[in-house]
Amino acid sequence: MSFPDASSSFWNAISPPAPKLERLQRDMQADCVVVGAGFTGLNAAWHLMRRGLQVCVLEAHEPGWGASGRNGGMAVLRYKYGWSALARKFGNEATLLLYKLVQEAVNGIESNVQELGIDGGFKRCGHITAAHTSADFQALRDDIDWLAATAGDRVPRLLSRSEAAEAIGTSVYRGGYLDSRAGGVNPLGYARELASALSARGLAMFSSTPVVKVESGEGRYRVHTEGGSVTARHLVIATNAYTGMRDLPGGLARRIIPVTSSVIATRPVPEDVYSSILPGGELVTDTRHLVNYFRRIPGNRILFGGRGSLSGLEKDEIYAGLFKQLCATFPALDSVSVEFRWSGRVAVTLDDFPHVGSWASDGYFAMGYGGRGVALTHVLGRALADMVVGAKADMGPMGKPLNDVPLHAWRLPAMNVVASYYRLRDLLSI
Ligand SMILES: Cc1cc2nc3c(=O)[nH]c(=O)nc-3n(C[C@H](O)[C@H](O)[C@H](O)COP(=O)(O)OP(=O)(O)OC[C@H]3O[C@@H](n4cnc5c(N)ncnc54)[C@H](O)[C@@H]3O)c2cc1C
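Below or above, wherever it landed, is the structure these notes cover.

Most often, soluble globular proteins keep nonpolar side chains buried together rather than apart. Judged by nonpolar contacts, the single largest core of 67 residues is most densely connected at Val55, Tyr79 and Trp83. Looking at which element gives the most residues to this core, the answer is helix α4 (residues 92-116), with ten residues. Filtering out sequence-adjacent residues up to four positions away, Val55 remains in contact with Ala30, Cys32, Val34, Ala45, Leu48, Met49, Leu203 and Ala204.

Before going further, it helps to examine the site of the ligand. Around the ligand there are 41 residues in total, and Thr40, Glu59, Ser68, Met74 and Val374 lie nearest to it. Interatomic distance of 2.7 Å between a side-chain N/O atom of Thr40 and an oxygen atom of the ligand. Between the ligand and Asn71, the relevant distance is 3.1 Å, taken from an oxygen atom to a side-chain nitrogen or oxygen of the residue. The protein chains hide 99% of the 1,000 Å² of surface that the ligand would expose on its own.

To continue, consider the sheet that holds strand β13 (residues 283-286). In space, the eight strands of this open sheet follow the order β5-β6-β4-β13-β14-β15-β12-β16, with mixed pairing throughout. Each of the sheet's edge strands pairs with one partner strand only, and the pair in question is β5 (157-159) and β16 (338-348). Between one strand and the next, the sheet's axes are offset by a mean angle of 20°, whatever the strand orientation. Pairing geometry for strand β4 (residues 127-130) and β13, over four bridges, is parallel. Within β13, the position partnered with Ile128 by the bridge is Val284. Against the sheet, helix α6 (residues 161-169) touches β4, β5, β6 (176-179), β13 and β14 (293-297), its axis set at about 90° to β5.

Let us now look at unusual backbone geometry. Backbone geometry at Ser208 places phi at a positive 50°, although glycine is not the residue there. Turning to its location among the elements, Ser208 is positioned in the loop between β8 (204-206) and β9 (211-217). Phi is positive for Asn240, which is not a glycine, with a value near 40°. Relative to the helices and strands, Asn240 is located in the loop between β11 (229-237) and β12 (257-266). Residue Asn240 is classed as buried on the basis of its relative accessible area of 13%.

Our next topic: the side chain of Arg255. Position of Arg255 relative to the elements: it lies in the loop between β11 and β12. Look at Arg255: it is buried, it has no salt bridge, and the nearest opposite charge is Asp404 at 4.1 Å. Within polar-contact distance, the side chain of Arg255 engages the backbone oxygen of Leu402 at 3.1 Å. Apart from residues no more than four positions distant in its own chain, Arg255 is found in contact with Gly250, Thr349, Trp359, Phe365, Leu402, Asn403, Asp404 and Val405.

The rules behind these values
- Residues numbered from 1 in each chain as written.
- Predicted model: local features only at pLDDT ≥ 70, side-chain atom pairs only at ≥ 80, totals over all residues.
- Heavy atoms only, no water.
- Core = buried A, V, L, I, M, F, W, Y, C linked by side-chain atoms within 4.5 Å.
- Buried < 20%, exposed > 50% of the residue type's maximum accessible area, 1.4 Å probe, protein only.
- Helix = DSSP H or I, 4+ residues; strand = E, 2+ residues; numbered from the N terminus.
- Contact = heavy atoms within 4.5 Å.
- Near = heavy atom within 4 Å.
- Polar contact = N/O pair within 3.5 Å; in protein donor to acceptor, adjacent residues only side chain to side chain.
- Areas by Shrake-Rupley, 256 points an atom, 1.4 Å probe, with all protein chains shown as cover.
- Pairing = 2+ DSSP bridges.
- Axes fitted to C-alpha atoms, helices over the stretch in contact; angles between N-to-C directions.
- Lys, Arg positive; Asp, Glu negative; His and termini not counted.
- Salt bridge = Lys/Arg side-chain N within 4 Å of Asp/Glu carboxyl O.

Following this line, the structure appears as structure tokens:
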């Protein structure tokens with residue numbers, strides 16, 4: 001399996017440098033070891049530090065190297081399924097809990113920014129869920145009705161077809177759902193600033209330090225790296241879609257399906273065209289089965305992302321396909337070239353929820369965010385810290401066990417079939 005980096009990303013071009021951290025080159029002790037310095041690991045570490053634990057974070061590359069530093073930077077207030085579908089499946093009470101948790105998730109970014117004095121490009125710029133079909137539009141209307149009637153929340157607004165066309169700058173969508181509280185970040189900048197701030201507050205964190213083996217016994221984990229080890233009572237695995245990179249315990253890699261998401265960012269777009277695309281600065285995710293997401297980014301550029309290659313290998317045709325979709329959405333961008341392109345891995349679960357839990361006594365994980373981890377990592381990271389100290393964290397469906405994906409070894413051919421099926425359904429708008 002190949003794991004390309006994202007040094008060619010737009011975020012890498014505009015972010016502050018990664019904090020200067022050492023490789024682990026000794027044996028040490030801590031209360032808790034966290035493997036992975038993405039948003040999950042960093043948030044878990046921060047919440048554990050606040051609870052007075054000695055934490056050690058081990059990162060194979062550098063903070064934000066994984067999906068956390070490569071994503072679209074969209075901190076959205078929705079799950080994969082809308083509120084009314086969730087209420088039908090889980091009932092109002094569980095759906096209200098999910099609603100509360102996703103609000104806390106976006107608030108979590110804001111409070112990190114405020115408490116730790118970082119910037120991360122965070123702004124509550126709003127997010128539009130753009131309806132690909134009229135059935136999708138009706139589902140968004142149902143969500144607005146559910147929120148008003150059950151959660152008493154009248155902030156999200158339904159956009160008619162013409163309102164969506166004006167807000168987004170394209171007439172390809174049937175309408176939309178606008179939540180003005182959603183936030184945008186520069187994800188790599190935020191990850192690096194968060195890591196620097198925690199390191200300055202005394203967090204022991206090591207870069208270029210892959211965990212290669214874990215031993216357990218006598219109520220302790222001994223976590224080995226090439227240069228040294230950490231012994232601790234608690235172990236948190238926060239490696240999400242990169243879990244399969246090394247042989248970590250708990251069989252966690254078999255519980256998720258890693259899927260590649262790819263992104264392009266244009267060269268600066270001429271002002272007369274740029275002014276018509278997302279003039280209000282909102283972020284957009286559409287309701288296609290193979291989702292497209294896009295936004296404005298600094299320097300009059302447009303970021304556009306979607307499904308990447310199934311093998312995870314970098315392929316020109318994937319980026320050419322994204323550019324085609326960008327131009328189908330905004331024909332005026334036809335003459336604007338792409339300056340940045342990169343890919344990363346998201347972890348998909350069978351129920352489309354991320355999960356937080358334990359895989360052994362004092363061994364915990366959180367993973368499986370799909371394309372929705374920017375905000376949710378903040379509440380699952382907090383839940384990890386709660387679990388480590390023995391506090392209860394009611395996470396609803398996200399706290400349910402995460403089981404192995406059946407026939408995991410056959411996931412690539414299966415995904416090929418599923419992707420072709422969804423591509424066809426998207427084309428036919430069904
Ligand atoms: C292209 C793309 C676009 C996306 N867009 C959005 C979006 O707009 N909005 C949204 O909500 N979500 C989005 N996502 C999803 C979101 O980025 C992820 O859900 C989230 O960042 C997961 O964070 P994490 O900390 O759990 O994992 P990651 O950030 O992937 O971090 C895992 C870390 O574990 C480390 N690691 C792995 N194995 C080891 C080991 N053996 N030893 C030490 N370290 C190890 C890796 O190096 C990595 O740094 C997107 C994802 C991608 C790839």
